[in-house]
Amino acid sequence: MQKIILIVDDNPDIRYVIKIGMEEFDDNINIIEIENGEKCIEYLETNSPPDLILLDIMMPGLDGWGVASKIKKNPLWDHIPIFFLTAKIDSYSKSFGKIVCDKYIKKPFDLNELRESIKEVLG
Amino acid sequence: MIFSNRDILSELLGAVQGIISEKTDEEYAQIAVSTLMQKLQVKFPFLNNISFQSSVWNIDVDVEQISKKEVCKAVEAIIRIVYMDLKNEAGLFFLSEIEVRTKPGFIHEIRENGTDIDLLKIEHHVLFRNLNRLKLEFDNKNQNQQKQSQDIAVGKEEYLMNLEEIEKELLMLLQTQNMAQEGVLTKLNISLDEMNMMLSRLIHFQLLRYVTNDEIELTEKGFNYVKDLNSNHTTLEQ
């Protein structure tokens, strides 16, 4: 069964690299590109919950913290694993991010490590 | 001041939420604190009596039936989860912020009832010192400055802090100039993370304090330290 992963990032290059890198790695993975936080929430409101969300923290408008909060507050979505995928490397962001989210991955990231982490979550 | 169990939990949760909120956002901070408590409910079932309603933590009166020592064990567990995950530099800041953001006497109250803040600080300090030493092994360009730093420390037993030379430079800079963050980074040729690490240590040693959320100044102890540093430098030059 195909697994749906949302990549929410305002940088189209990052979205492209992940989409190509992940879909090549596994035919059963479908990456949905989403360019900002608001559109991520819109997607969730109108579609079945995805299997995983890769979420950038620093985005214009609704940022990653805001998106994660809305997801975890909604009982229909709070089970969705979230990976923060971010250039924010300060200890606070990482630690506070890890309390709520499943993984905190620093940019630039190693695609193989990202694949491994996704594999762990998706099984 | 006497703190009830509800007071203790309310003070702690408010402080932790405030700290997380400053680095993330308010809603996320509330979710993070709720998640922390959910994780700890297995060990401390009475945490189930806490909920977030209408922008405040609502703590059921039943919590008063629990022994204060048990509540303070939960307090230590909450602090420990965040603190130890903050690794070295930011952890010191976290603990000092808890103290700043709670009512006077809070730290004394939890310490008296079994929250071993001092042990947490020592564990953290040892971790920090070890990491710092490791870093120094890769950085021998400051060896001469280290030697000078140690010389200055001799005879000044009250300053067992053994500050790095660059930390002393930062203190002297703060004494003589009113600089923006970028200016300090450029002047000392350090990264933002390195500066935050130094600030955490200097705040921990009570040489610096926060005036506002983003403004730092020397404490009286800090001024005296810099004064001694200057006189030692003068003596060495003579």
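Since the model is a prediction, treat every value here as computed from it, not as a measurement.

A.B. asks: Now, about helix α3 (residues 64-73) of chain A: what can you tell me, with residues and values included?
C.D. replies: For α3 of chain A, a buried count of eight out of 10 residues is recorded, marking the element as mostly surrounded by other parts of the structure. Of the positions making up α3 of chain A, those classed as buried are Gly-64, Trp-65, Gly-66, Val-67, Ala-68, Ser-69, Ile-71 and Lys-72 of chain A. Lining the buried residues of α3 of chain A we find α2 (37-46), β3 (52-55), β4 (82-86) and α4 (91-100) of chain A together with α1 (5-23) and α2 (26-40) of chain B. The opening residue of α3 of chain A is Asp-63 of chain A, an N-cap whose side-chain oxygen sits 3.2 Å from the backbone nitrogen of Trp-65 of chain A.

A.B. asks: Describe the nonpolar core, with residues and values.
C.D. replies: Core analysis: the largest hydrophobic core is formed by 71 residues, its most contacted members being Leu-44 of chain A together with Ile-79 of chain B. Counting residues per element, this core draws most heavily on helix α3 (residues 68-85) of chain B, which supplies nine residues. With sequence-adjacent residues up to four places away left out, Ile-79 of chain B is seen in contact with Leu-12, Phe-94, Leu-95, Ile-98, Ile-110, Ile-117 and Leu-120 of chain B. Within the second largest apolar cluster, 21 residues are counted, among which are Met-172, Leu-173, Leu-185 and Val-226 of chain B.

A.B. asks: Summarise the interface of chain B and chain A; cite the residues concerned and give the values.
C.D. replies: The interface is formed by 21 residues belonging to chain B together with 21 residues belonging to chain A. When chain B packs against chain A, close to 1900 Å² is buried across both sides, 61% of that on carbon and sulfur atoms. It is Lys-23, Tyr-28 and Ile-31 of chain B in chain B that bury the most area against chain A; as a group they hold 32% of the surface buried on that side. Linking chain B with chain A are one salt bridge. Here chain B and chain A share six residue pairs in polar contact (both at pLDDT 80 or more) between them. Residue assignment for the side of chain B that touches chain A shows that the elements contributing at least two residues are α1, α2, α3 and α4 (89-101) of chain B. Here the side of chain B that touches chain A gets eight residues from one element, more than from any other, and that element is α2 of chain B. The residue inventory of the side of chain B that touches chain A, partitioned by class, reads 10 nonpolar, three polar and eight charged.

Cut-offs applied
Residues numbered from 1 in each chain as written. Chains lettered and ligands numbered in written order. Predicted model: local features only at pLDDT ≥ 70, side-chain atom pairs only at ≥ 80, totals over all residues. Heavy atoms only, no water. Buried < 20%, exposed > 50% of the residue type's maximum accessible area, 1.4 Å probe, protein only. Helix = DSSP H or I, 4+ residues; strand = E, 2+ residues; numbered from the N terminus. Contact = heavy atoms within 4.5 Å. Polar contact = N/O pair within 3.5 Å; in protein donor to acceptor, adjacent residues only side chain to side chain. Core = buried A, V, L, I, M, F, W, Y, C linked by side-chain atoms within 4.5 Å. Buried area = accessible area lost by both parts, 1.4 Å probe. Salt bridge = Lys/Arg side-chain N within 4 Å of Asp/Glu carboxyl O. Nonpolar A, V, L, I, M, F, W, Y, C, P; charged D, E, K, R; others polar.

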